[in-house]
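# Fold and contact review
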Amino acid sequence: MRLNILAFAAGVLALQTQPELPGWAAWAIVGLVLVLPRLRWSGWPVRAMALLGCLALGVAWGTWRAEIRLADQLGADWEGRDIEVVGVVAALPQDFSNGTRFEFDVNFPLTAEAVVPQRIMLSWYQGRRDDEQFERLQVRPGERWRFTVRLKRPHGNANPGGFDYEAWLLERNIRATGYIRPNPPQRVDEMVWQPGYAIERARHAIRDSFARLLPEARYPWAGVLVALVIGDQKAIHGELWTTFNRTGTTHLMSISGLHVTMVAALFGWLVSFGWRRAPALALRLPAQKAGLLAACLGAFAYALLAGFAVPAQRTLYMLLVAAAAMLSGRIVAPSRILCLALLVVLVLDPWAVLAAGFWLSFGAVGALLYIGSATVGEVTGWWGRFRAWGIVQWAATLASLPILLLVFQQFSLVSPLANALAIPVISFIVTPLALLGTLVPWWPIPALAHQVMVWLMVFLEWCAMWPVWLSPAPPLWAALAAGVGVAICLLPRGLPGRWLGVLLFVPALFWPVDKPPEGEAWITVLDVGQGLASVIRTREHTMIYDPGPLYSAESDAGQRVVVPYLRALGIDRVEMLMVTHRDSDHAGGTASVRAALAVDNIVSSVDGIGGQRCIAGQRWVWDGVVFEVLHPVADTYAIDGKPNHLSCVLRVEAGGRRMLFTSDIEAPDEAALLHRYPDGLAADVLLMPHHGSKTSSTPAFLDAVGATQTIIPVGYRNRFGHPKPEVLARHEVTGTRIWRTDRDGALRVKLTEGEVTLSGWRHEHRRYWHGR
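Residues numbered from 1 in each chain as written. Predicted model: local features only at pLDDT ≥ 70, side-chain atom pairs only at ≥ 80, totals over all residues. Heavy atoms only, no water.

Helix and strand counts for the protein chain stand at 26 helices and 26 strands. Against the compact-globule benchmark of 28 Å for 772 residues, the protein chain has a radius of gyration of 29 Å, which places it among compact chains. Considered along the principal axes of its C-alpha atoms, the protein chain spans approximately 100 × 70 × 60 Å. Out of the 772 residues in the protein chain, the part that is buried amounts to 51%. Of the contacts made within the protein chain by residues no fewer than 6 positions apart, 70% connect residues no fewer than 24 positions apart. Accessible surface for the protein chain amounts to roughly 34900 Å². Of this, 61% is attributable to carbon and sulfur atoms. In the protein chain, 69 side chains carry a positive charge and 62 a negative one; their mean positions are 12 Å apart. (Helix = DSSP H or I, 4+ residues; strand = E, 2+ residues; numbered from the N terminus. Rg over C-alpha atoms; globule rule 2.2 N^0.38 Å. Buried < 20%, exposed > 50% of the residue type's maximum accessible area, 1.4 Å probe, protein only. Contact = heavy atoms within 4.5 Å. Areas by Shrake-Rupley, 256 points an atom, 1.4 Å probe, with all protein chains shown as cover. Lys, Arg positive; Asp, Glu negative; His and termini not counted. Charge placed at Lys NZ, Arg CZ, Asp CG, Glu CD.)

Below you can see the structure in the form of structure tokens.
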């Protein structure tokens, strides 16, 4: 059974790597034909056929679920149009710097013939947008509202090493995103009484209770308590996540399996304790079974309250299977329980395999069961328990290592030490106190939990100063080899050859950085939405040309896109950061880049960020690649004009091929460049000026450049309407090929000897949910 479940999981996983959906019916038929003989016959050929059949059934199941989910979509002709809808706030609203974002279940559209998905995500801006004033109103889960909205299909940035926002939306069944228009919204009902909405309203009430009892200004770690009780990880600020990442304690700040198990054990013990003291009840049902049922009920309630994340689901299903086995008097192997939990998770949510938490959760528990089978009966006395605790830490850390290297390209060297203290403190002190503070909202209880967090954070911040292992993202085969190495290293003592497991870690730990050859330039124009961020690499040097836009007070492209991309390459130092001008869609990620990476030099037209000014005539050579700044001249800084006129224009030449970076220059700047370099602007690749604004891309400038390839860094359905149709027409007249980050994802350019190659991330790594 276990191998069959693993084969089913492999089929589900294989589907999530496909560019298009196959036909589910054909895979289902093949699966059944291969599996059914196993019901009558045995033998290894039949078992092998059954494994292949389960794999096919996994593909069929995932495909069928995906087809149903993708069919619920926003009509293409309704993107960007006003639609009046009535529906219910379906989940916890999340505040951001100038508004609120929440999931919304659409009951029905009031706009005639509008085709709207069942669940959408809305942003309600409390401020100004397009010169319109939005009234600030509060929303709570379970409320029914009437809104006028503008929607677009699911779309996210597509970058190497980046977060797949479209996959995340698909997994949560959010089939459109948009914002609320200023037409007066109307609250129709205070509460729609359905189980899901009632749970979300309870979570909202708990979050409000913590905010009232522990104001953030005085209690900076209160967000951790909220995350531990209701699973709202957005309550934890970004700088705290940096500390948790560097110490390897991120898993503790979500609802982990350990927390669910602890709550279940507490519920079970309390009910069993009371049950034994009621003879009438004990005669009807043994106290042990009553406690077991109470433990399952407590785990179920806590998992619902915590948002039903994968670790909570895995633990709940394992508890349910174990409870069913105990109530029936059967003995079920722990590995079988884990596999059954895996099956239930994937049947309910085939997209769970896309989340790193899925692999970390099941991988860690699998490793603990693996070592547990070899140490049964060995633990005696306090030293034995201490040693067993150390083995558990070692196994969990080692099991997570291949996944951390593959997904995050880093792991904390101090993680075992940090977790040795943080796990018992969080699990057995902070979380119980926080839960008690939920049931009894008396200030001293959550205040005590917060004080314990204060003491723990002193230790974790000290641990965060220790180094973190960084390496490029290894190929899949290297991560799988490291996984085999984990199994070998965790074999029982006394078995020969355990050291071979260490050797299998070597490719994943020391995978080399992929570098351009001497004299070549590799350039990536990242997909950051409406803005610009690009990375230029030579053999031994790296340069960032603009770190991307500021998304909100809490996030920016430097943090979300640029730094993860460079870490995936194994780069933690850049020789130059060029910030072309002060507009936030170009300079917004500066602080995050400087905080996360070592930056040797800064060249910019922006005052106040240090470094030197970019001035026409600056020229340098890295590894046979020539860099030259063409704009602005020194006199331009004396003119009090738009920041766009100070945009740093850079030309990169490698192997006789050129790319011209123009940032946000406008027509007067293009004319100045033509005057200074009448015959020196020719380039093979052009970064379209000002995202395709009508104030740029004059015919004379385009003729002088003569690019065969043009890249437009632009956001999907951006509010400026970039690129303008007339500007696109000017470029198309020249015969250039147009590339767009909103359509093609991150664009990779290679300037080599006598050749230019371009590729789009979305084309090379397409998935069936992209653009749907």
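After that view of the structure, there is still more to cover.
Right, let's talk about the pairing of strand 19 (residues 625–631) for a bit. The element strand 19 is extensively covered by neighbouring structure, given that seven of its seven residues are classed as buried. Hairpin geometry of strand 18 (residues 619–622) and strand 19 is characterised by an intervening segment of two residues between the two adjacent antiparallel strands and by a positive phi of about 50° at Asp 623. Both strand 19 and strand 20 (residues 649–654) contribute to a ladder of five bridges, which runs antiparallel. Residue pairing for strand 20: His 631 is matched across the bridge by Val 649. (Pairing = 2+ DSSP bridges.)

Here Arg 203 lies in helix 5 (residues 195–213). On the accessibility criterion, Arg 203 (7% relative accessible area) is buried.

What follows covers the sheet that holds strand 13 (residues 533–537). Taken in spatial order, the eight strands make up an open sheet running 17-16-15-14-13-12-25-26, and their pairing is mixed. A strand with exactly one partner marks an edge of an open sheet, and here the two such strands are strand 17 (612–613) and strand 26 (755–760). One ladder, built from six bridges, connects strand 25 (residues 747–752) with strand 26; its direction is antiparallel. Opposite Leu 747, over in strand 26, you have Gly 760 as the bridge partner. Across the sheet, helix 19 (residues 557–568) touches strand 12 (521–525), strand 13, strand 14 (542–547) and strand 15 (573–579), and the angle it forms with strand 14 is around 160°. (Axes fitted to C-alpha atoms, helices over the stretch in contact; angles between N-to-C directions.)

Counted according to the given criterion, the structure contains 25 salt bridges. The partner of Arg 766 in a salt bridge is Glu 20, with the nearest N and O atoms 3.2 Å apart. Pair noted here: Arg 766 is in the segment after helix 26 (761–764) and Glu 20 is in the loop between helix 1 (2–15) and helix 2 (24–35), with a separation of 746 residues, a long-range link. A relative accessible area of 30% places Arg 766 in the partly exposed class. Owing to a relative accessible area of 46%, Glu 20 belongs among the partly exposed residues under this scheme. When salt bridges with common partners are traced through the structure, they connect Glu 103, Asp 105, Arg 119 and Arg 172 into a single cluster. (Salt bridge = Lys/Arg side-chain N within 4 Å of Asp/Glu carboxyl O.)

Moving on, we come to helix 24 (residues 725–733). What helix 24 keeps buried is the set Val 727, Leu 728 and His 731. Angularly, the buried residues of helix 24 cover 100° about the axis, an arc narrow enough to put them on a single face. In helix 24, the exposed positions angled more than 90 degrees off the buried face are occupied by Pro 725, Glu 732 and Val 733. In this structure, the buried residues of helix 24 make contact with strand 22 (685–687), helix 23 (699–705), strand 23 (709–712) and strand 24 (737–740). Downstream of helix 24 by one or two residues, Gly 735 has phi in the positive range, about 85°. (Arc of directions from axis to C-beta.)

With that out of the way, let us pick up the nonpolar core. In terms of nonpolar packing, the biggest core is built from 72 residues, with Phe 244, Phe 358 and Met 453 touching the most fellow members. The biggest single contributor to this core is helix 16 (residues 444–463), with 10 residues. If we ignore the near neighbours within four places in the chain, the residues touching Phe 358 are Val 310, Leu 342, Val 345, Leu 346, Ala 352 and Val 353. In terms of nonpolar packing, the next biggest core, distinct from the first, is built from 32 residues, Met 576, Val 625, Tyr 637 and Val 749 among them. (Core = buried A, V, L, I, M, F, W, Y, C linked by side-chain atoms within 4.5 Å.)

This brings us to the state of the cysteines. A complete count under the given rule lists one disulfide for this structure. Between the sulfur of Cys 614 and that of Cys 648 lies a disulfide, 1.9 Å long from S to S. Handedness of the Cys 614-Cys 648 disulfide follows from its S-S torsion of about -70°: it is left-handed. With a gap of 34 residues between them, Cys 614 in the loop between strand 17 and strand 18 and Cys 648 in the loop between strand 19 and strand 20 connect regions that are remote in the sequence. Unpaired in this structure, Cys 339 has its nearest cysteine sulfur neighbour in Cys 54, at a distance of 12 Å. Residue Cys 339 is classed as buried on the basis of its relative accessible area of 10%. (Disulfide = S-S within 2.5 Å.)

Spatially, seven strands are ordered 18-19-20-21-22-23-24 in an open sheet, and the strand pairing comes out mixed. If you trace the sheet from one side to the other, it starts and ends with strand 18 and strand 24, each paired once. With strand direction ignored, the average angle separating the axes of adjacent strands in the sheet is 20°. Alignment of strand 20 against strand 21 (residues 657–661), held across five bridges, turns out to be antiparallel. In the sheet register, Val 652 faces strand 21, and the bridge partner there is Met 659. Sheet strands touched by helix 22 (residues 667–676): strand 19 and strand 20. Its angle to strand 19, the strand with the most contacts, is close to 120°. Docked against the sheet, helix 24 engages strand 22, strand 23 and strand 24, running at close to 140° with respect to strand 24.

Mapped onto the secondary structure, Ala 205 falls in helix 5. What makes Ala 205 partly exposed here is its relative accessible area of 45%. With 319 residues separating them in the primary sequence, Ala 205 and Thr 524 have C-alpha atoms 46 Å apart.

On to a nonpolar patch on the surface, then. On the surface, a cluster of nonpolar side chains totalling about 450 Å² of accessible area is made up of Leu 406, Val 407, Phe 408, Leu 476 and Leu 480. Among the secondary structure elements, those contributing two or more residues to the nonpolar patch are helix 14 (381–407) and helix 17 (476–489). With respect to the helices, strands and loops of the structure, Leu 476 is situated in helix 17. Overall, the relative accessible area of 55% leaves Leu 476 in the exposed class. (Patch = residues over 30% accessible without salt bridge, like charges linked within 9 Å, V, L, I, M, F, W, Y side chains within 5 Å.)

Attention now goes to the layout of surface pockets. For the second largest pocket, the calculated volume is near 400 Å³. Forming the walls of the second largest pocket are 15 residues, and the residues nearest its centre are Val 263, Phe 267, Leu 435, Leu 436 and Leu 439. Those elements that place two or more of their residues in the lining of the second largest pocket are helix 8 (257–276), helix 10 (287–305) and helix 15 (415–439). For the lining of the second largest pocket, the residue count by class is 13 nonpolar, two polar and no charged. (1 Å grid on protein atoms, 1.4 Å probe; cavity = no way out; pocket = protein on both sides within 12 Å on 5 of 7 lines; lining within 4 Å. Points joined across faces, edges and corners; volume = space filled by probe spheres on them. Nonpolar A, V, L, I, M, F, W, Y, C, P; charged D, E, K, R; others polar.)

The next subject is empty space enclosed by the protein. Sizing a probe to match a water molecule and rolling it over the atoms shows the empty space that remains. Evaluated as defined, the whole model comprises two cavities of 30 Å³ or more. Of the pockets and cavities examined, the largest cavity occupies roughly 40 Å³. As for the largest cavity, its lining consists of Leu 686, Leu 702, Gly 706, Ala 707, Thr 710, His 731, Thr 734 and Thr 736. By residue class, the composition of the lining of the largest cavity is three nonpolar, five polar and no charged. Around the second largest cavity sit Leu 70, Pro 154, Glu 166, Leu 170, Arg 175, Trp 769 and Arg 772, which together line it. Along the lines of polarity and charge, the residues of the lining of the second largest cavity split into four nonpolar, no polar and three charged.

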